[in-house]
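Analysis of the macromolecular model
This is what each chain is made of:
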Amino acid sequence: MRIRISHQTRYIYESPARSVLQILRLTPRDSESQHILWWRLEPSVEGRLKPFEDAFGNLCHDFAPDHPVEDFTIAVIGDVETHDTAGMVRGTVERVPDPVFLRETPLTAADDAIRTFASEHGRHADRDPLGALHAVMSAIHRTIAFDTDPTDAATTATQAFSLGRGVCQDLTHIFIACARHLGIPARYVSGYFHRADGVADQEAGHAWAEAKVPHLGWIGFDPANSISTTEAHVRVAIGLDYLGAAPIRGSRRGGGGEKLDVRLRVDTARRQVQTQS
Amino acid sequence: MAGAAFDEMNGSGSGTDGVRPPYEALSAWLKQQPPEFFNTRRSQAELFFRRIGITFAVYGENETSERLIPFDIIPRLLTKAEWSFLERGLKQRVAALNAFLKDIYGPQECIRAGIIPADLVYRNPHYRLEVKDIPIPHDIYVHVAGIDIVRVGPNEFYVLEDNARTPSGVSYMLENREVMMRLFPELFARHHVAPVENYPDALLATLRSVAPESVARDPVVALLTPGRYNSAFYEHSFLADKLGVELVEASDLFVKDERVYMRTTQGPTRVDVIYRRIDDDFLDPLVFRPDSILGVPGIMGAYRAGNVTLANAVGTGISDDKAVYTYMPEIVRFFTGEDAILKNVPTWRCREPEALSHVLAHLSELVVKEVNGSGGYGMLVGPHASKRELDEFTRKLKHNPENFIAQPTLSLSTCPTFVASGVAPRHVDLRPFVLSGADEIRIVPGGLTRVALKEGSLVVNSSQGGGTKDTWVLDG
């Protein structure tokens, strides 16, 4: 499938903000399941944009506007050719050894409730880890209601689990907490998802998890959709949790209140005429 | 246990009773003084300290009240021979720590060679992936180390723990000496005491030596503090003053084009070396904890670009881990080719099932510590624990064994200490401060002696009611 992604994140401050500094994880890499046909990352204001690779092999940019800014947009646009690999993650850049992905982080720490849940639904993890992970994924999908209201970027797995609600980020954190409890390395993926129902305009990017299954390798699990990853998924960055893979982390001085406006369109590319100049 | 302890003055517990030679003059002097003398001198000492303003905030108390760390007016003495031995051992250990850190953030040969289990490194939250393969100026990671040493016999010293993050306490070492010199000039006349007051010069020389290679001018050094609400803020301001460098908080620093600047009245000044007294977690909200207001956004970018030296380096916390500590004898041998001069306390790694069952069966005899704990928090001293505390630790150990290590309850040496009942033996440890520069390793003779003021107590941490003593290394 050829997917066109257009993702704009607009920041509007009450007054000009100084010393704006951002780390952008907005550049996907090639793997067996995806090939980047073209991709552009464009801030709307002049500034210093410096690429680097982080510890996980994510392509990152440091971005610092040259002048105080009141209103600016980070835009990415590009086409990605994707292939269904039945959830298998191959041909990715792997910089970090597997045991790292067993670490608990504040966002993915399990409590007794999550541990009990994971042990119950993943009880055959030593015999059949793949089956156990699928069981855990569908149990999370059934148990946690999709709800954008009660959680935010700082919500932990345990908080979302006890609420019984959350967004893809929360479901992914819960899945990671469960997998790690079962002794299976797991990681957070931020990226994009092409919806089968034809709805191209979305509120936010997507998130899912990857777990390292013995003899199979990394497998993508998308608990929000209760599926393994398919050709509808475009993988951008990985981390131990949301913070390690966040599309944009930033800081600023001054500026007062902030208004954030995200425009995201994930569509099949053939519907459109490519506008690259 | 306390009854069997080795007393550094009268030699009891070592099989040869009688005042040991280094203490002869001190012991005679102690006997000569009239009973009220010590009380008078102690109130004078307290006055000095209050005037200087040494205070210490204790975490976990209801009010964040500041109080004086109790100071004991009787010095602890070490002979030149004892110190030379410790000094050689400390230099070797810290050289090994630096080589170990360089290796695990680089080629990882010690993991491949099976010196340390990969899991212990990779699963450790203090192993900072963010600095893997990032060149560090002059390959020095632990610029300032505080190595805690305990003594159990005339020639038996053990390293209790390595503090390679932001060890504190050196201001007490310096202030204790200053106050002692004012209180007891006659005692200094009778002993040749090696000086410690050159520590700030040694620290500054160390920090300047590790400036990025690209810095052509005189390097600019600053001390970064979390601010006045930190328990060690007094020490931060004290040291900045002694070093003659700026004491800065995060808001005084900013990063532009991967360079760190501080705001000064003369405009922005480029900073080359930051002696930071804040933890990795708070250093840069763009990379570590996003809610940190103590850190400098972008500082990790400047660090990655090699434009600033952070002392200590990012990621040294892994060598404070008490499970990693248990591998130090092998680490020293692997990186220096020599056997460790300073021994480790024999330690059970509760992550190993056999060790765990031993620990659970002998809990009331052992000291149990959290692998990432510090300051005497989250620790069990078996022989002094109540039934309830023992039960609680049994539960914790079973639930999360890899989080703990256990050690025999060492009978720490005692030193004469002035307490309510007069002069009595109290248990002590020693924290020497080891400075690693690009040019050499520097250690001022002695360090901070911490003393457990409660009779029989083995916990010397100031956060747990411990006090301090001046430590004299005798030159002659």
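All values derive from a computational prediction rather than experimental measurement. (Residues numbered from 1 in each chain as written. Chains lettered and ligands numbered in written order. Predicted model: local features only at pLDDT ≥ 70, side-chain atom pairs only at ≥ 80, totals over all residues.)

Along the backbone of chain B there are 15 helices and 23 strands. Taken against the 2.2 N^0.38 rule, which gives 23 Å for 476 residues, the C-alpha radius of gyration of chain B at 22 Å falls within 12% of a compact globule. A principal-axis box enclosing the C-alpha atoms of chain B has dimensions of 65 × 55 × 50 Å. In chain B, which comprises 476 residues, the proportion classed as buried is 45%. For chain B, contacts bridging at least 24 residues in sequence account for 68% of all contacts bridging at least 6. (Helix = DSSP H or I, 4+ residues; strand = E, 2+ residues; numbered from the N terminus. Rg over C-alpha atoms; globule rule 2.2 N^0.38 Å. Buried ≥ 20, exposed ≤ 12 C-beta atoms within 10 Å, placed from the backbone. Contact = placed C-beta atoms within 7 Å.)

This part takes up the interface of chain B and chain A. Contact with chain B, which involves 17 residues of that partner, is made by 15 residues of chain A. Taken together, the residues of the side of chain B that touches chain A sort by class into 10 nonpolar, 2 polar and 5 charged. (Nonpolar A, V, L, I, M, F, W, Y, C, P; charged D, E, K, R; others polar.)

The next subject is the sheet that holds strand S8 (residues 253-256) of chain B. Residues and elements named next belong to chain B. Across the sheet, which stays open at both edges, the 3 strands sit in the order S8-S9-S10 with antiparallel pairing between neighbours. Every interior strand has two partners, whereas the edge strands, S8 and strand S10 (269-270), have only one. When S8 meets strand S9 (residues 259-262), the two strands line up antiparallel, connected through 4 bridges. Across the sheet, residue leucine 253 finds its bridge partner in S9, namely methionine 262. (Pairing = 2+ DSSP bridges.)

Below, the discussion takes up the UniProt feature "domain: Transglutaminase-like" (unreviewed entry) in chain A. UniProt's entry tags residues 160-225 of chain A with the feature "domain: Transglutaminase-like" (unreviewed entry), counted in the numbering of this structure. Helix and strand shares over residues 160-225 of chain A are 27% and 39% respectively, and the end C-alpha atoms of the span are 17 Å apart. (UniProt positions renumbered as here; feature names shortened; annotations may be inferred.)

Residues and elements named next belong to chain B. The strand order across the open sheet formed by 4 strands is S7-S6-S11-S12, and the pairing between neighbours is parallel. Two strands lie at the open edges of the sheet, namely strand S7 (246-248) and strand S12 (309-311), each paired on one side alone. Between one strand and the next, the sheet's axes are offset by a mean angle of 30°, whatever the strand orientation. Relative to strand S11 (residues 273-276), strand S6 (residues 221-224) runs parallel, the two sharing 4 bridges. Across the sheet, the residue bridging to leucine 224 is arginine 276, located in S11. Here helix H9 (residues 233-243) sits on the sheet and contacts S6 and S7; the angle it forms with S7, its principal contact strand, is near 155°. (Axes fitted to C-alpha atoms, helices over the stretch in contact; angles between N-to-C directions.)

Here the focus is the packing of helix H1 (residues 112-121) of chain A against helix H4 (residues 168-181) of chain A. Residues and elements named next belong to chain A. Remark: H1 packs on H4, axes separated minimally by 9 Å, with the N-to-C direction vectors making an angle of 70°. By the angle class used here, H1 and H4 are roughly perpendicular. Of the two possible hands of crossing, H1 and H4 adopt the one that is right-handed. Two secondary-structure elements touch here, H1 through Ile114, Arg115, Phe117 and Ala118 and H4 through Ile174, Ala177, Cys178 and His181. Its residues assigned to classes, the contact of H1 with H4 comprises 6 nonpolar, 1 polar and 1 charged. (Parallel < 35°, antiparallel > 145°, perpendicular 65-115°, else oblique. Left-handed = near helix turned anticlockwise from the far one by under 90°.)

All names here are of chain B. Of all 10 residues making up strand S19 (residues 422-431), 7 are buried, and the element is well covered by its neighbours. Taking the residues that link successive antiparallel strands as the turn, the strand S18 (residues 414-419)-S19 hairpin has 2 residues. As paired elements, S19 and strand S22 (residues 448-452) share 4 bridges and run antiparallel to each other. In the strand pairing of S22, arginine 431 is matched with leucine 448.

Ile174(A), Phe175(A) and Cys178(A) are the most contacted members of the largest nonpolar core, which totals 195 residues. Formed jointly, this core draws a minimum of three residues from each of two domains, domain 1 (2-82 + 247-271) and domain 2 (98-245) of chain A. (Core = buried A, V, L, I, M, F, W, Y, C linked by C-beta atoms within 7 Å. Domains from an automatic or database assignment.)

Here we come to the packing of helix H8 (residues 199-209) of chain B against H9(B). All names here are of chain B. Between H8 and H9, the least distance of the axes is 9 Å, while the angle of their chain directions is 80°. One element, H8, and the other, H9, form an angle in the roughly perpendicular class. Contact with H8, carried on its side by Pro200, Leu203 and Leu204, involves Leu239, Lys242 and Leu243 of H9 and no other residues of that element. Considering only residue class, the contact of H8 with H9 consists of 5 nonpolar, no polar and 1 charged.

So, about helix H13 (residues 328-336) of chain B. Residues and elements named next belong to chain B. The complete set of buried residues in H13 reads Met328, Ile331, Val332 and Phe335. The buried side chains of H13 occupy one side of the element, clustering within an arc of 100° when seen end-on. Looking at the buried side of H13, the elements it contacts are helix H3 (80-104), helix H4 (109-112), helix H12 (322-325) and strand S13 (343-344). A positive backbone phi angle near 75° is found at glycine 337, which sits one or two residues after H13. (Arc of directions from axis to C-beta.)

Moving on: the pairing of S18(B). Residue and element names in this part refer to chain B. In terms of residue burial, S18 counts as a mostly covered element, since 5 of its 6 residues are buried. Where S18 and S19 come together, 6 bridges link them in antiparallel fashion. Bridged to threonine 417 within S19 is alanine 424.

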